[in-house]
Amino acid sequence: MSVSENWRQLQSKARAAAERAGRDPAAVRILAVSKTFPVDVVRDAYDSGLRTFGENYVQEALAKMDALPDDIEWHMIGHLQSNKARQVAGRFALIHSVDSVHLAAELQKHLGQRNQRQPILVQINVADEDTKSGFSPPEAANAIAEMSQFEHLDIRGLMTIGPVEEKPEDVRWVFVELRCLQEQLRKRFPDLRLRELSMGMTGDFEVAIEEGATIVRVGRAVFGERPAKV
Ligand SMILES: *Cc1c(COP(=O)(O)O)cnc(C)c1O
């Protein structure tokens, strides 16, 4: 099936999920995760109207930015080594994967030198999986208190990667926990605008939308199975 057909189906499923939960479908954005797909595939998606893409790997993302039109909104969703902060600072519409205060401090340093402000999300490891990075829910408040001192970072909300489960219902609790954490943090930090909840992927985006996702990160349901990492 073509990307544009996949996209149409995805949008109608997302709309239905929002309506089931009594939410405004316009409050949910679908981020097309294009990692490991070649530039030509992303260009075809662009030609069929997609404008927001998520990437995991810095070099690959920067190469695609250079090769593709400027009106694309690029999001960084992959784990970042702190030594990549210089290359990514100020280059992405949103960095979803800020998972340490050290990384935030490095971003702050490079953004300061360029006098830029960078929207970010704070990654939370809700299910406490060893294979995933992110703050544990109890750590989040202290981390955000520290990061909120970095005036070049604009903390917009939270992101999580759910565990891989056969049934999307088995991931629901993770999305519920992230939403509850967001509510607590909004009370604790009324001056921050922690509006965004980036959660849900191909296997579970409908459940995530029912539980309040404002951004779902969807790769395979847009582009098909991924080629191996290049
Ligand atoms: C690859 C990836 C996705 C997309 O996964 P799909 O299962 O293809 O939808 C979403 N979020 C992150 C952080 C990813 O690395």
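Structure first, text after, so check above.
Presented here is an overview of the structure given in this document. (Residues numbered from 1 in each chain as written. Predicted model: local features only at pLDDT ≥ 70, side-chain atom pairs only at ≥ 80, totals over all residues. Heavy atoms only, no water.)

**Topic: the packing of aromatic side chains**
- Applying the stated criterion to the full structure yields two aromatic pairs.
- With 5.8 Å between their ring centres and 40 degrees between their planes, Phe53 and Trp74 make a pair best called tilted. Residue Phe53 is located in strand S2 (residues 52-55), and its partner Trp74 is located in strand S3 (residues 73-76); the two are separated by 21 residues in the primary sequence.
- A residue is classified by how much of its surface remains accessible, and Phe53, at 0% relative accessible area, is buried.
- Relative accessible area serves as the criterion here: at 5%, Trp74 is assigned to the buried category.
- Taking NZ or CZ as reference, Arg51 lies 3.6 Å from the ring centre of Tyr46, over its face. (Phe/Tyr/Trp six-rings, centres within 6.5 Å; stacked < 30°, edge-to-face > 60°. Helix = DSSP H or I, 4+ residues; strand = E, 2+ residues; numbered from the N terminus. Buried < 20%, exposed > 50% of the residue type's maximum accessible area, 1.4 Å probe, protein only. Lys NZ or Arg CZ within 6 Å of the ring centre and 35° of its normal.)

**Structural notes on the pattern of salt bridges**
- Enumeration over the complete set of coordinates arrives at 15 salt bridges.
- Linking Asp71 and Arg51 is a salt bridge whose minimum nitrogen-to-oxygen distance equals 3.5 Å. You can see Asp71 sitting in the loop between helix H3 (58-67) and S3 and its partner Arg51 sitting in the loop between helix H2 (39-47) and S2, a full 20 residues away along the chain.
- When the shortest N-O distance is used, the salt bridge between Glu210 and Arg172 registers 2.8 Å. Of the two residues, Glu210 is situated in helix H8 (residues 205-210) and Arg172 in helix H7 (residues 172-188); the sequence distance between them amounts to 38 residues.
- Of the residues examined, Glu210 reaches a relative accessible area of 22% and is grouped as partly exposed.
- Counted as one network, the salt bridges with shared partners bring together Arg20, Glu169, Arg172, Arg179, Glu210 and Glu211. (Salt bridge = Lys/Arg side-chain N within 4 Å of Asp/Glu carboxyl O.)

**A look at the site of the ligand**
- Near the ligand the following residues occur: Val33, Lys35, Asn56, Ile77, Ile161, Met201, Thr202, Arg217, Val218, Gly219, Arg220 and Arg226.
- Within the side chain of Asn56, an N or O atom sits 2.7 Å from an oxygen atom of the ligand.
- A distance of 2.8 Å is found between an oxygen atom of the ligand and a backbone nitrogen or oxygen belonging to Gly219.
- Considered on its own, the ligand offers 390 Å² of accessible surface; in the complex 93% of this is hidden by protein.
- Cavity membership is defined here by more than half of the atoms lying within 2 Å of grid points; on that basis the ligand lies in the largest pocket.
- Split by residue class, the shell around the ligand holds five nonpolar, three polar and four charged. (Near = heavy atom within 4 Å. Polar contact = N/O pair within 3.5 Å; in protein donor to acceptor, adjacent residues only side chain to side chain. Areas by Shrake-Rupley, 256 points an atom, 1.4 Å probe, with all protein chains shown as cover. 1 Å grid on protein atoms, 1.4 Å probe; cavity = no way out; pocket = protein on both sides within 12 Å on 5 of 7 lines; lining within 4 Å. Sits in = over half its atoms within 2 Å of the grid points. Nonpolar A, V, L, I, M, F, W, Y, C, P; charged D, E, K, R; others polar.)

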